[in-house]
Protein chains: 2
Amino acid sequence: MNGNLGGSVKALVFDVFGTVVDWRGSIIREVEGLSRAKGIAIDAARFADDWRAGYQPAMQRVRSGELPWTRIDDLHRMILDGLLVKHAVSGLSEAEKVELNRAWHRLDPWPDAVQGLTRLKRRFIIGTLSNGNVGLLVNMAKRAGLPWDVVLSAELAHHYKPDPEAYRMPPDLLGLAPAEVMLVAAHPNDLAAAARQGLKTGFVLRPLEHGPNRKPPDTTGHHFDVTAGDFNELAERLGA
Amino acid sequence: MNGNLGGSVKALVFDVFGTVVDWRGSIIREVEGLSRAKGIAIDAARFADDWRAGYQPAMQRVRSGELPWTRIDDLHRMILDGLLVKHAVSGLSEAEKVELNRAWHRLDPWPDAVQGLTRLKRRFIIGTLSNGNVGLLVNMAKRAGLPWDVVLSAELAHHYKPDPEAYRMPPDLLGLAPAEVMLVAAHPNDLAAAARQGLKTGFVLRPLEHGPNRKPPDTTGHHFDVTAGDFNELAERLGA
(Lines give C-alpha, C1' and ligand atoms only; values in the text may rest on other atoms or scores of the structure.)
Protein backbone atom coordinates (compact mmCIF):
# COMPACT_ATOMS: atom_id res chain seq x y z
CA MET A 1 0.00 0.00 0.00
CA ASN A 2 2.76 2.43 0.90
CA GLY A 3 4.56 1.54 -2.31
CA ASN A 4 1.46 2.50 -4.30
CA LEU A 5 1.14 5.65 -2.28
CA GLY A 6 4.70 6.72 -3.00
CA GLY A 7 4.01 6.16 -6.67
CA SER A 8 1.05 8.52 -6.99
CA VAL A 9 2.42 11.29 -4.78
CA LYS A 10 4.71 13.76 -6.54
CA ALA A 11 5.23 16.44 -3.90
CA LEU A 12 5.54 16.41 -0.13
CA VAL A 13 4.79 19.65 1.70
CA PHE A 14 5.76 19.88 5.33
CA ASP A 15 4.32 21.64 8.30
CA VAL A 16 7.38 23.29 9.84
CA PHE A 17 6.95 24.42 13.47
CA GLY A 18 7.05 21.22 15.50
CA THR A 19 7.23 18.90 12.50
CA VAL A 20 10.56 19.91 10.94
CA VAL A 21 12.03 22.07 13.68
CA ASP A 22 12.01 21.99 17.47
CA TRP A 23 10.52 25.43 18.11
CA ARG A 24 10.30 24.93 21.87
CA GLY A 25 13.87 23.81 22.48
CA SER A 26 15.16 26.51 20.15
CA ILE A 27 13.19 29.35 21.71
CA ILE A 28 14.30 28.20 25.17
CA ARG A 29 17.90 28.29 23.94
CA GLU A 30 17.46 31.80 22.55
CA VAL A 31 15.70 33.14 25.66
CA GLU A 32 18.30 31.58 27.95
CA GLY A 33 21.01 33.23 25.88
CA LEU A 34 19.35 36.60 26.22
CA SER A 35 18.79 36.01 29.93
CA ARG A 36 22.50 35.37 30.46
CA ALA A 37 23.65 38.19 28.19
CA LYS A 38 21.42 40.78 29.88
CA GLY A 39 21.61 39.38 33.41
CA ILE A 40 17.79 39.13 33.58
CA ALA A 41 16.09 36.13 35.20
CA ILE A 42 13.54 34.65 32.74
CA ASP A 43 11.69 31.33 32.94
CA ALA A 44 12.69 30.41 29.40
CA ALA A 45 10.44 27.35 29.10
CA ARG A 46 7.37 29.25 30.23
CA PHE A 47 8.34 32.15 27.99
CA ALA A 48 8.56 29.79 25.00
CA ASP A 49 5.24 28.13 25.80
CA ASP A 50 3.51 31.48 26.31
CA TRP A 51 4.89 32.81 23.04
CA ARG A 52 3.58 29.81 21.14
CA ALA A 53 0.26 29.93 23.02
CA GLY A 54 -0.31 33.46 21.73
CA TYR A 55 -0.10 32.29 18.15
CA GLN A 56 -3.55 30.77 17.54
CA PRO A 57 -5.41 33.71 19.16
CA ALA A 58 -3.32 36.16 17.11
CA MET A 59 -4.19 34.36 13.85
CA GLN A 60 -7.82 34.35 14.92
CA ARG A 61 -7.73 38.15 15.14
CA VAL A 62 -6.75 38.18 11.46
CA ARG A 63 -9.38 35.59 10.48
CA SER A 64 -12.09 37.56 12.26
CA GLY A 65 -11.16 40.70 10.36
CA GLU A 66 -10.04 42.57 13.49
CA LEU A 67 -6.57 42.77 11.90
CA PRO A 68 -5.71 42.89 8.18
CA TRP A 69 -3.52 40.16 6.71
CA THR A 70 -0.43 40.02 8.94
CA ARG A 71 2.67 37.92 8.51
CA ILE A 72 3.77 35.68 11.35
CA ASP A 73 6.88 37.77 12.01
CA ASP A 74 4.56 40.62 12.94
CA LEU A 75 2.20 38.42 14.96
CA HIS A 76 5.22 37.06 16.85
CA ARG A 77 6.26 40.61 17.63
CA MET A 78 2.81 41.64 18.87
CA ILE A 79 2.76 38.61 21.18
CA LEU A 80 6.33 39.29 22.30
CA ASP A 81 5.55 42.84 23.34
CA GLY A 82 2.84 41.52 25.66
CA LEU A 83 5.07 38.74 26.96
CA LEU A 84 7.88 41.09 27.91
CA VAL A 85 5.43 42.88 30.19
CA LYS A 86 3.96 39.65 31.58
CA HIS A 87 7.40 38.18 32.30
CA ALA A 88 8.67 41.53 33.62
CA VAL A 89 11.53 41.64 31.11
CA SER A 90 12.56 45.27 30.81
CA GLY A 91 15.54 47.17 29.48
CA LEU A 92 15.61 45.67 25.98
CA SER A 93 16.41 48.07 23.16
CA GLU A 94 14.31 48.02 19.99
CA ALA A 95 17.20 46.30 18.20
CA GLU A 96 17.32 43.62 20.92
CA LYS A 97 13.57 43.03 20.59
CA VAL A 98 13.91 42.70 16.80
CA GLU A 99 16.73 40.22 17.30
CA LEU A 100 14.75 38.20 19.86
CA ASN A 101 11.74 38.11 17.55
CA ARG A 102 14.02 36.72 14.83
CA ALA A 103 14.62 33.71 17.09
CA TRP A 104 11.82 32.11 15.06
CA HIS A 105 14.13 32.30 12.01
CA ARG A 106 16.77 30.34 13.94
CA LEU A 107 14.89 27.22 14.97
CA ASP A 108 16.89 23.99 14.98
CA PRO A 109 15.70 20.98 12.97
CA TRP A 110 14.89 17.70 14.69
CA PRO A 111 17.95 15.42 14.45
CA ASP A 112 16.55 13.31 11.58
CA ALA A 113 15.13 16.20 9.54
CA VAL A 114 17.96 17.17 7.19
CA GLN A 115 18.95 13.58 6.45
CA GLY A 116 15.37 12.47 5.90
CA LEU A 117 14.51 15.44 3.69
CA THR A 118 17.65 14.94 1.63
CA ARG A 119 16.58 11.36 1.01
CA LEU A 120 12.95 12.29 0.24
CA LYS A 121 14.15 15.01 -2.15
CA ARG A 122 15.64 12.40 -4.45
CA ARG A 123 12.19 11.02 -5.23
CA PHE A 124 9.76 13.87 -4.48
CA ILE A 125 9.42 17.61 -4.78
CA ILE A 126 9.79 18.71 -1.16
CA GLY A 127 8.51 22.00 0.17
CA THR A 128 7.18 23.80 3.18
CA LEU A 129 3.53 24.48 3.88
CA SER A 130 3.78 26.62 6.95
CA ASN A 131 2.02 29.57 8.51
CA GLY A 132 5.50 31.03 8.82
CA ASN A 133 6.16 33.79 6.29
CA VAL A 134 8.40 33.24 3.28
CA GLY A 135 11.31 35.28 4.64
CA LEU A 136 11.26 33.41 7.95
CA LEU A 137 11.21 30.04 6.19
CA VAL A 138 14.03 30.96 3.79
CA ASN A 139 16.25 32.25 6.59
CA MET A 140 15.51 29.15 8.67
CA ALA A 141 16.36 26.84 5.78
CA LYS A 142 19.65 28.62 5.02
CA ARG A 143 20.78 28.36 8.64
CA ALA A 144 19.58 24.81 9.23
CA GLY A 145 20.44 23.35 5.83
CA LEU A 146 16.87 22.31 4.99
CA PRO A 147 17.04 21.37 1.30
CA TRP A 148 13.61 22.56 0.12
CA ASP A 149 12.77 22.56 -3.57
CA VAL A 150 10.14 25.20 -2.94
CA VAL A 151 9.16 27.40 0.00
CA LEU A 152 5.38 27.67 0.23
CA SER A 153 3.71 29.65 2.96
CA ALA A 154 0.23 30.61 4.07
CA GLU A 155 1.49 34.10 3.22
CA LEU A 156 1.10 33.26 -0.48
CA ALA A 157 -2.58 32.40 0.01
CA HIS A 158 -3.24 35.15 2.57
CA HIS A 159 -4.92 32.42 4.60
CA TYR A 160 -3.41 30.63 7.56
CA LYS A 161 -3.79 26.91 8.01
CA PRO A 162 -6.24 25.32 8.70
CA ASP A 163 -8.22 27.54 6.28
CA PRO A 164 -8.99 25.52 3.12
CA GLU A 165 -7.28 28.07 0.84
CA ALA A 166 -3.90 27.33 2.44
CA TYR A 167 -4.08 23.66 1.38
CA ARG A 168 -5.37 24.33 -2.12
CA MET A 169 -2.41 26.56 -2.88
CA PRO A 170 0.42 23.97 -3.17
CA PRO A 171 -1.30 21.76 -5.78
CA ASP A 172 -2.38 24.87 -7.67
CA LEU A 173 1.10 26.43 -7.74
CA LEU A 174 2.84 23.14 -8.51
CA GLY A 175 0.41 22.20 -11.28
CA LEU A 176 -0.54 18.95 -9.52
CA ALA A 177 -3.77 17.28 -8.51
CA PRO A 178 -4.49 17.54 -4.76
CA ALA A 179 -4.02 13.77 -4.40
CA GLU A 180 -0.51 14.10 -5.87
CA VAL A 181 0.49 16.25 -2.89
CA MET A 182 0.99 14.93 0.64
CA LEU A 183 1.04 17.11 3.72
CA VAL A 184 3.48 15.84 6.32
CA ALA A 185 2.77 17.07 9.83
CA ALA A 186 2.93 16.12 13.49
CA HIS A 187 -0.53 17.58 14.08
CA PRO A 188 -3.68 15.54 13.37
CA ASN A 189 -5.91 18.59 12.89
CA ASP A 190 -3.59 20.07 10.26
CA LEU A 191 -3.65 16.75 8.40
CA ALA A 192 -7.43 16.43 8.67
CA ALA A 193 -7.86 19.89 7.14
CA ALA A 194 -5.49 18.93 4.30
CA ALA A 195 -7.38 15.69 3.68
CA ARG A 196 -10.64 17.64 3.35
CA GLN A 197 -9.03 19.45 0.37
CA GLY A 198 -8.01 16.13 -1.19
CA LEU A 199 -4.35 16.03 -0.16
CA LYS A 200 -2.69 12.85 1.05
CA THR A 201 -1.53 12.80 4.68
CA GLY A 202 1.68 11.75 6.38
CA PHE A 203 1.71 11.76 10.19
CA VAL A 204 5.10 12.02 11.88
CA LEU A 205 5.43 11.55 15.62
CA ARG A 206 7.20 14.38 17.44
CA PRO A 207 6.66 13.41 21.08
CA LEU A 208 9.02 16.10 22.40
CA GLU A 209 7.40 19.06 20.61
CA HIS A 210 5.83 20.40 23.79
CA GLY A 211 8.59 19.22 26.11
CA PRO A 212 9.22 15.99 28.02
CA ASN A 213 6.44 14.04 29.74
CA ARG A 214 3.66 15.46 27.58
CA LYS A 215 0.93 13.28 26.12
CA PRO A 216 1.14 12.65 22.37
CA PRO A 217 -1.59 14.31 20.25
CA ASP A 218 -4.93 12.53 20.20
CA THR A 219 -5.36 10.65 16.94
CA THR A 220 -8.73 9.13 17.78
CA GLY A 221 -10.95 9.12 14.72
CA HIS A 222 -8.09 10.17 12.41
CA HIS A 223 -6.85 8.24 9.40
CA PHE A 224 -3.48 9.00 7.82
CA ASP A 225 -2.17 7.64 4.54
CA VAL A 226 1.17 6.96 6.19
CA THR A 227 2.51 7.23 9.75
CA ALA A 228 6.20 7.36 10.65
CA GLY A 229 8.38 7.87 13.69
CA ASP A 230 10.68 10.32 11.90
CA PHE A 231 11.62 11.53 8.41
CA ASN A 232 13.97 8.63 7.74
CA GLU A 233 11.18 6.17 8.44
CA LEU A 234 8.88 8.28 6.27
CA ALA A 235 11.39 8.00 3.41
CA GLU A 236 11.53 4.26 3.94
CA ARG A 237 7.75 3.91 3.88
CA LEU A 238 7.38 6.06 0.76
CA GLY A 239 10.02 4.13 -1.12
CA ALA A 240 12.49 7.04 -1.25
CA MET B 1 33.26 48.87 -5.12
CA ASN B 2 32.15 45.35 -5.92
CA GLY B 3 33.24 44.23 -2.47
CA ASN B 4 30.99 46.89 -0.92
CA LEU B 5 28.21 45.84 -3.23
CA GLY B 6 28.44 42.20 -2.18
CA GLY B 7 28.32 43.34 1.45
CA SER B 8 25.01 45.20 1.24
CA VAL B 9 23.21 42.72 -1.00
CA LYS B 10 21.58 39.80 0.82
CA ALA B 11 19.60 38.10 -1.93
CA LEU B 12 20.18 37.53 -5.63
CA VAL B 13 17.13 36.85 -7.77
CA PHE B 14 17.68 35.58 -11.29
CA ASP B 15 15.86 36.00 -14.52
CA VAL B 16 15.67 32.44 -15.83
CA PHE B 17 14.87 32.13 -19.57
CA GLY B 18 18.08 33.10 -21.31
CA THR B 19 19.96 34.06 -18.14
CA VAL B 20 20.09 30.72 -16.29
CA VAL B 21 18.95 28.34 -19.02
CA ASP B 22 19.46 28.10 -22.77
CA TRP B 23 15.82 28.11 -23.83
CA ARG B 24 16.60 28.20 -27.55
CA GLY B 25 19.03 25.29 -27.68
CA SER B 26 16.77 23.25 -25.39
CA ILE B 27 13.59 23.86 -27.39
CA ILE B 28 15.46 23.02 -30.60
CA ARG B 29 16.58 19.75 -28.99
CA GLU B 30 13.02 18.93 -27.93
CA VAL B 31 11.49 19.80 -31.31
CA GLU B 32 14.16 17.83 -33.16
CA GLY B 33 13.41 14.85 -30.93
CA LEU B 34 9.72 15.07 -31.73
CA SER B 35 10.48 15.54 -35.43
CA ARG B 36 12.51 12.31 -35.47
CA ALA B 37 10.07 10.35 -33.31
CA LYS B 38 7.07 11.29 -35.42
CA GLY B 39 8.82 11.38 -38.79
CA ILE B 40 7.66 14.97 -39.39
CA ALA B 41 9.96 17.57 -40.96
CA ILE B 42 10.10 20.66 -38.70
CA ASP B 43 12.48 23.63 -38.86
CA ALA B 44 13.30 23.32 -35.17
CA ALA B 45 15.25 26.60 -34.88
CA ARG B 46 12.48 28.60 -36.49
CA PHE B 47 9.92 26.77 -34.37
CA ALA B 48 11.84 27.71 -31.21
CA ASP B 49 12.22 31.34 -32.26
CA ASP B 50 8.55 31.61 -33.22
CA TRP B 51 7.47 30.09 -29.92
CA ARG B 52 9.53 32.59 -27.97
CA ALA B 53 8.39 35.46 -30.21
CA GLY B 54 4.79 34.74 -29.27
CA TYR B 55 5.52 35.25 -25.61
CA GLN B 56 5.57 39.06 -25.28
CA PRO B 57 2.35 39.53 -27.32
CA ALA B 58 0.64 36.83 -25.23
CA MET B 59 1.60 38.57 -21.97
CA GLN B 60 0.38 41.82 -23.44
CA ARG B 61 -3.07 40.28 -23.94
CA VAL B 62 -3.15 39.65 -20.18
CA ARG B 63 -1.86 43.14 -19.33
CA SER B 64 -4.47 44.74 -21.56
CA GLY B 65 -7.24 42.84 -19.80
CA GLU B 66 -8.18 40.84 -22.90
CA LEU B 67 -7.24 37.69 -20.95
CA PRO B 68 -7.47 37.14 -17.18
CA TRP B 69 -4.29 36.28 -15.25
CA THR B 70 -2.76 33.32 -17.10
CA ARG B 71 0.28 31.30 -16.16
CA ILE B 72 3.08 30.92 -18.68
CA ASP B 73 2.38 27.20 -19.14
CA ASP B 74 -1.01 28.18 -20.56
CA LEU B 75 0.38 31.04 -22.66
CA HIS B 76 2.97 28.64 -24.08
CA ARG B 77 0.18 26.26 -25.01
CA MET B 78 -1.91 28.96 -26.71
CA ILE B 79 1.12 29.98 -28.77
CA LEU B 80 1.95 26.34 -29.51
CA ASP B 81 -1.50 25.61 -30.92
CA GLY B 82 -1.03 28.44 -33.42
CA LEU B 83 2.52 27.35 -34.25
CA LEU B 84 1.51 23.79 -35.04
CA VAL B 85 -0.80 25.18 -37.71
CA LYS B 86 1.79 27.67 -39.00
CA HIS B 87 4.51 25.01 -39.23
CA ALA B 88 2.05 22.45 -40.64
CA VAL B 89 2.72 19.97 -37.84
CA SER B 90 -0.28 17.66 -37.70
CA GLY B 91 -1.06 14.29 -36.19
CA LEU B 92 -0.05 15.06 -32.60
CA SER B 93 -2.28 13.63 -29.90
CA GLU B 94 -3.36 15.81 -26.99
CA ALA B 95 -0.91 13.95 -24.77
CA GLU B 96 1.91 14.67 -27.23
CA LYS B 97 1.01 18.37 -27.29
CA VAL B 98 1.01 18.47 -23.48
CA GLU B 99 4.40 16.77 -23.45
CA LEU B 100 5.81 19.18 -26.06
CA ASN B 101 4.52 22.16 -24.11
CA ARG B 102 6.34 20.80 -21.06
CA ALA B 103 9.59 21.24 -22.99
CA TRP B 104 9.79 24.59 -21.17
CA HIS B 105 10.13 22.62 -17.91
CA ARG B 106 13.13 20.79 -19.37
CA LEU B 107 15.42 23.63 -20.37
CA ASP B 108 19.14 23.03 -19.90
CA PRO B 109 21.24 25.43 -17.82
CA TRP B 110 24.15 27.29 -19.35
CA PRO B 111 27.37 25.36 -18.59
CA ASP B 112 28.47 27.68 -15.76
CA ALA B 113 25.05 28.04 -14.12
CA VAL B 114 24.93 25.23 -11.53
CA GLN B 115 28.53 25.75 -10.41
CA GLY B 116 28.16 29.52 -10.20
CA LEU B 117 24.84 29.33 -8.33
CA THR B 118 26.25 26.80 -5.88
CA ARG B 119 29.07 29.20 -5.12
CA LEU B 120 26.77 32.25 -4.84
CA LYS B 121 24.42 30.29 -2.54
CA ARG B 122 27.14 30.09 0.11
CA ARG B 123 27.03 33.85 0.59
CA PHE B 124 23.60 34.95 -0.64
CA ILE B 125 20.00 33.86 -0.68
CA ILE B 126 19.52 32.81 -4.29
CA GLY B 127 16.17 32.63 -6.01
CA THR B 128 14.36 32.95 -9.28
CA LEU B 129 12.47 35.99 -10.46
CA SER B 130 10.92 34.71 -13.63
CA ASN B 131 7.74 35.09 -15.59
CA GLY B 132 7.71 31.29 -15.61
CA ASN B 133 5.13 29.83 -13.25
CA VAL B 134 6.14 28.22 -9.98
CA GLY B 135 5.49 24.66 -11.14
CA LEU B 136 7.57 25.15 -14.29
CA LEU B 137 10.47 26.62 -12.29
CA VAL B 138 10.38 23.86 -9.67
CA ASN B 139 10.35 21.10 -12.28
CA MET B 140 13.16 22.80 -14.19
CA ALA B 141 15.27 23.14 -11.05
CA LYS B 142 14.77 19.48 -10.05
CA ARG B 143 15.84 18.27 -13.50
CA ALA B 144 18.75 20.67 -13.96
CA GLY B 145 20.02 20.71 -10.36
CA LEU B 146 19.55 24.44 -9.87
CA PRO B 147 20.06 24.93 -6.11
CA TRP B 148 17.53 27.73 -5.43
CA ASP B 149 16.82 28.79 -1.87
CA VAL B 150 13.48 30.16 -3.00
CA VAL B 151 11.41 30.00 -6.18
CA LEU B 152 9.78 33.36 -6.87
CA SER B 153 7.64 33.92 -9.91
CA ALA B 154 5.59 36.68 -11.48
CA GLU B 155 2.76 34.26 -10.76
CA LEU B 156 2.97 35.22 -7.07
CA ALA B 157 2.45 38.89 -7.92
CA HIS B 158 -0.04 38.25 -10.75
CA HIS B 159 2.06 40.68 -12.73
CA TYR B 160 4.62 39.75 -15.37
CA LYS B 161 7.96 41.50 -15.56
CA PRO B 162 8.58 44.30 -16.38
CA ASP B 163 5.53 45.46 -14.41
CA PRO B 164 6.73 47.19 -11.20
CA GLU B 165 4.78 44.81 -8.94
CA ALA B 166 6.90 41.87 -10.09
CA TYR B 167 10.10 43.51 -8.79
CA ARG B 168 8.58 44.72 -5.51
CA MET B 169 7.55 41.19 -4.60
CA PRO B 170 10.96 39.61 -3.78
CA PRO B 171 12.06 42.23 -1.22
CA ASP B 172 8.57 42.17 0.28
CA LEU B 173 8.42 38.39 0.64
CA LEU B 174 12.03 38.09 1.84
CA GLY B 175 11.67 40.91 4.38
CA LEU B 176 14.50 42.88 2.77
CA ALA B 177 14.97 46.42 1.53
CA PRO B 178 14.88 46.69 -2.28
CA ALA B 179 18.57 47.67 -2.30
CA GLU B 180 19.41 44.43 -0.46
CA VAL B 181 18.13 42.47 -3.47
CA MET B 182 19.94 42.23 -6.81
CA LEU B 183 18.30 41.12 -10.01
CA VAL B 184 20.67 39.15 -12.22
CA ALA B 185 19.67 39.07 -15.87
CA ALA B 186 21.02 38.99 -19.41
CA HIS B 187 18.45 41.58 -20.50
CA PRO B 188 19.08 45.32 -20.01
CA ASN B 189 15.38 46.23 -20.01
CA ASP B 190 14.59 43.74 -17.25
CA LEU B 191 17.41 45.21 -15.16
CA ALA B 192 16.33 48.79 -15.85
CA ALA B 193 12.82 47.99 -14.64
CA ALA B 194 14.26 46.39 -11.48
CA ALA B 195 16.46 49.41 -10.84
CA ARG B 196 13.41 51.69 -11.04
CA GLN B 197 12.02 49.76 -8.03
CA GLY B 198 15.27 50.20 -6.11
CA LEU B 199 16.84 46.80 -6.71
CA LYS B 200 20.54 46.37 -7.49
CA THR B 201 21.42 45.04 -10.92
CA GLY B 202 23.78 42.37 -12.18
CA PHE B 203 24.20 42.04 -15.94
CA VAL B 204 25.42 38.70 -17.25
CA LEU B 205 26.41 38.26 -20.89
CA ARG B 206 24.67 35.42 -22.69
CA PRO B 207 25.77 36.02 -26.30
CA LEU B 208 24.32 32.71 -27.53
CA GLU B 209 20.79 33.21 -26.17
CA HIS B 210 19.33 33.89 -29.60
CA GLY B 211 21.72 31.65 -31.49
CA PRO B 212 25.14 32.13 -33.07
CA ASN B 213 26.10 35.31 -34.94
CA ARG B 214 23.51 37.49 -33.21
CA LYS B 215 24.29 40.95 -31.92
CA PRO B 216 24.54 41.29 -28.13
CA PRO B 217 21.77 43.33 -26.48
CA ASP B 218 22.15 47.10 -26.69
CA THR B 219 23.36 48.45 -23.36
CA THR B 220 23.60 52.08 -24.48
CA GLY B 221 22.44 54.35 -21.68
CA HIS B 222 22.27 51.51 -19.15
CA HIS B 223 24.16 51.34 -15.88
CA PHE B 224 24.54 48.06 -13.98
CA ASP B 225 25.92 47.62 -10.48
CA VAL B 226 27.97 44.68 -11.69
CA THR B 227 28.63 43.07 -15.08
CA ALA B 228 29.98 39.56 -15.56
CA GLY B 229 30.67 37.10 -18.36
CA ASP B 230 29.07 34.19 -16.50
CA PHE B 231 27.91 33.13 -13.04
CA ASN B 232 31.38 32.12 -11.88
CA GLU B 233 32.68 35.59 -12.71
CA LEU B 234 29.65 37.05 -10.98
CA ALA B 235 30.51 35.08 -7.83
CA GLU B 236 34.07 36.34 -8.07
CA ARG B 237 32.97 39.95 -8.40
CA LEU B 238 30.50 39.71 -5.54
CA GLY B 239 33.06 38.16 -3.21
CA ALA B 240 31.27 34.80 -3.01
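Everything numeric here is computed off the predicted structure, so don't read it as measured data.

Chemist: Is there a simple way to explain the relation of the copies chain A and chain B in this structure?
Modeler: These two copies of the chain differ by a rotation about an axis and a displacement along the same axis. When chain A is fitted onto chain B, the two copies agree to an RMSD of 0.0 Å after a turn of 180 degrees and an axial shift of 0.0 Å. Such a combination of rotation and displacement between the chain copies is what one expects of a two-fold axis. By C-alpha distance to the rotation axis, the residue of chain A lying nearest is Val150 of chain A, at 3.0 Å. Of the interface residues in chain A, 100% have counterparts in chain B that sit at the interface too, so the contact is made through matching surfaces.

Chemist: Help me understand the interface of chain A and chain B, please; the structure alone is not making it clear to me.
Modeler: For an interface, size is often stated in terms of accessible area lost upon the parts coming together. At the interface, 14 residues of chain A touch 14 residues of chain B. Among the elements of the structure, helix 8 (134-144), strand 3 (150-153) and helix 10 (164-174) of chain A are those that each provide at least two residues to the side of chain A that touches chain B. At five residues, helix 8 of chain A tops the list of elements feeding residues into the side of chain A that touches chain B. A class-by-class count of the residues in the side of chain A that touches chain B yields nine nonpolar, two polar and three charged.

Chemist: Help me understand the packing of helix 5 (residues 72-86) of chain B against helix 6 (residues 94-101) of chain B in this model?
Modeler: Two packed helices can be described by the angle between their axes and the distance between those axes. Residues and elements named next belong to chain B. Between helix 5 and helix 6, the least distance of the axes is 10 Å, while the angle of their chain directions is 120 degrees. By the angle between their directions, the pair helix 5 and helix 6 is classed as oblique. Considering how the two elements wind past one another, helix 5 and helix 6 form a crossing that is right-handed. Judged by residue contacts, Asp73, His76, Arg77 and Leu80 of helix 5 engage Lys97, Leu100 and Asn101 from helix 6. Of the residues belonging to the contact of helix 5 with helix 6, the class tally is two nonpolar, two polar and three charged.

Chemist: Looking at this structure, how should I read the sheet that holds strand 3 of chain A?
Modeler: Hydrogen bonding along the main chain pairs the strands of a sheet, whether they run parallel or antiparallel. All names here are of chain A. What the six strands build is an open sheet, ordered 3-2-1-4-5-6; its pairing is parallel. The strands lining the two open edges of the sheet, one partner per strand, are strand 3 and strand 6 (226-228). For this sheet the average axis-to-axis angle between neighbouring strands, irrespective of direction, equals 25 degrees. Here four bridges tie strand 2 (residues 125-130) to strand 3, and the two strands are oriented parallel to one another. Note that in strand 3 the partner of Leu129 across the bridge is Leu152. With respect to the sheet, helix 8 is in contact with strand 2 and strand 3, its orientation differing from that of strand 3 by roughly 145 degrees.

Chemist: Please clarify how the packing of helix 2 (residues 23-38) of chain B against helix 3 (residues 44-53) of chain B should be interpreted in this entry.
Modeler: All names here are of chain B. Running from N to C, helix 2 and helix 3 cross one another at 125 degrees; their axes reach a closest spacing of 8 Å. In terms of orientation, helix 2 lies oblique with respect to helix 3. Considering only the axes of helix 2 and helix 3, their crossing is right-handed. Seen from helix 2, the contacting residues are Trp23, Arg24, Ile27, Ile28, Val31, Glu32 and Ser35; seen from helix 3, they are Ala44, Ala45, Phe47, Ala48, Trp51 and Arg52.

Chemist: Sorry, what's going on with the domain arrangement of chain A here?
Modeler: All names here are of chain A. The assigned domain composition of chain A is domain 1 (2-22 + 107-237) and domain 2 (24-105). Taken together, the contacts link 16 residues of domain 1 with eleven residues of domain 2. Per-element accounting of the side of domain 1 that touches domain 2 gives the leading share, three residues, to helix 8. Residue composition of the side of domain 1 that touches domain 2, grouped by class: five nonpolar, seven polar and four charged.

Chemist: Quick question: what am I supposed to make of unusual backbone geometry here?
Modeler: A negative phi holds for most residues other than glycine; trans holds for most peptide bonds. Cis geometry marks the peptide bond from Lys161 of chain A to Pro162 of chain A; its omega dihedral reads 5 degrees. Despite not being glycine, Ala88 of chain A has its phi angle at roughly 55 degrees, a positive value. Inspection of the secondary structure assignment puts Ala88 of chain A in the loop between helix 5 (72-86) and helix 6 (94-101). Backbone geometry at Asn213 of chain B places phi at a positive 65 degrees, although glycine is not the residue there. As for its position among the elements, Asn213 of chain B is in the loop between strand 5 (200-204) and strand 6 (226-228).

Chemist: Mind showing me how you'd approach the sheet that holds strand 1 (residues 11-14) of chain B here?
Modeler: Residue and element names in this part refer to chain B. A sheet is described by the order of its strands in space; here six strands give the open sequence 3-2-1-4-5-6, paired in parallel fashion. Looking along the sheet, the strands with just one partner apiece sit at the ends: strand 3 (150-153) and strand 6. Going across the sheet, the axis of each strand differs from the next one's by a mean of 25 degrees, ignoring polarity. As paired strands, strand 1 and strand 4 (residues 181-185) are joined by four bridges and run parallel to one another. Within strand 4, the residue paired with Leu12 across the bridge is Met182.

The rules we used
Along each chain, residue indices are assigned from 1 in the same order as the chain's sequence is written. Ligands are numbered from 1 and chains lettered from A, in the order in which they are written. With pLDDT at 70 or above as the cut-off, local features in this predicted model cover only qualifying residues; side-chain atom pairs require 80 or more to be listed or tallied, and sums for whole chains, interfaces and linings still use all residues. A least-squares fit on C-alpha atoms brings the copies together, and the residues used are those whose pLDDT is at least 70 in both copies. Residue pairs are scored as contacts if the distance between their C-beta atoms, which are placed from the backbone, is within 7 Å. Strands here mean DSSP runs of E at least two residues long; helices mean DSSP runs of H or I at least four residues long; both are numbered from the N terminus. The classification used treats Ala, Val, Leu, Ile, Met, Phe, Trp, Tyr, Cys and Pro as nonpolar, Asp, Glu, Lys and Arg as charged, and all other residues, Gly among them, as polar. Inter-axis angles, ranging from 0 to 180 degrees, are taken between N-to-C directions of lines fitted to C-alpha atoms, where helices are fitted over the stretch in contact. In these notes the angle categories are as follows: under 35 degrees is roughly parallel, over 145 is roughly antiparallel, 65 to 115 is roughly perpendicular, and the rest is oblique. Rotating anticlockwise by less than a right angle from the far helix to the near helix defines a left-handed crossing, while the corresponding clockwise rotation defines a right-handed one. Only strands that DSSP links by at least two bridges are regarded as paired with each other. An automatic or database domain assignment provides the domain bounds reported here.

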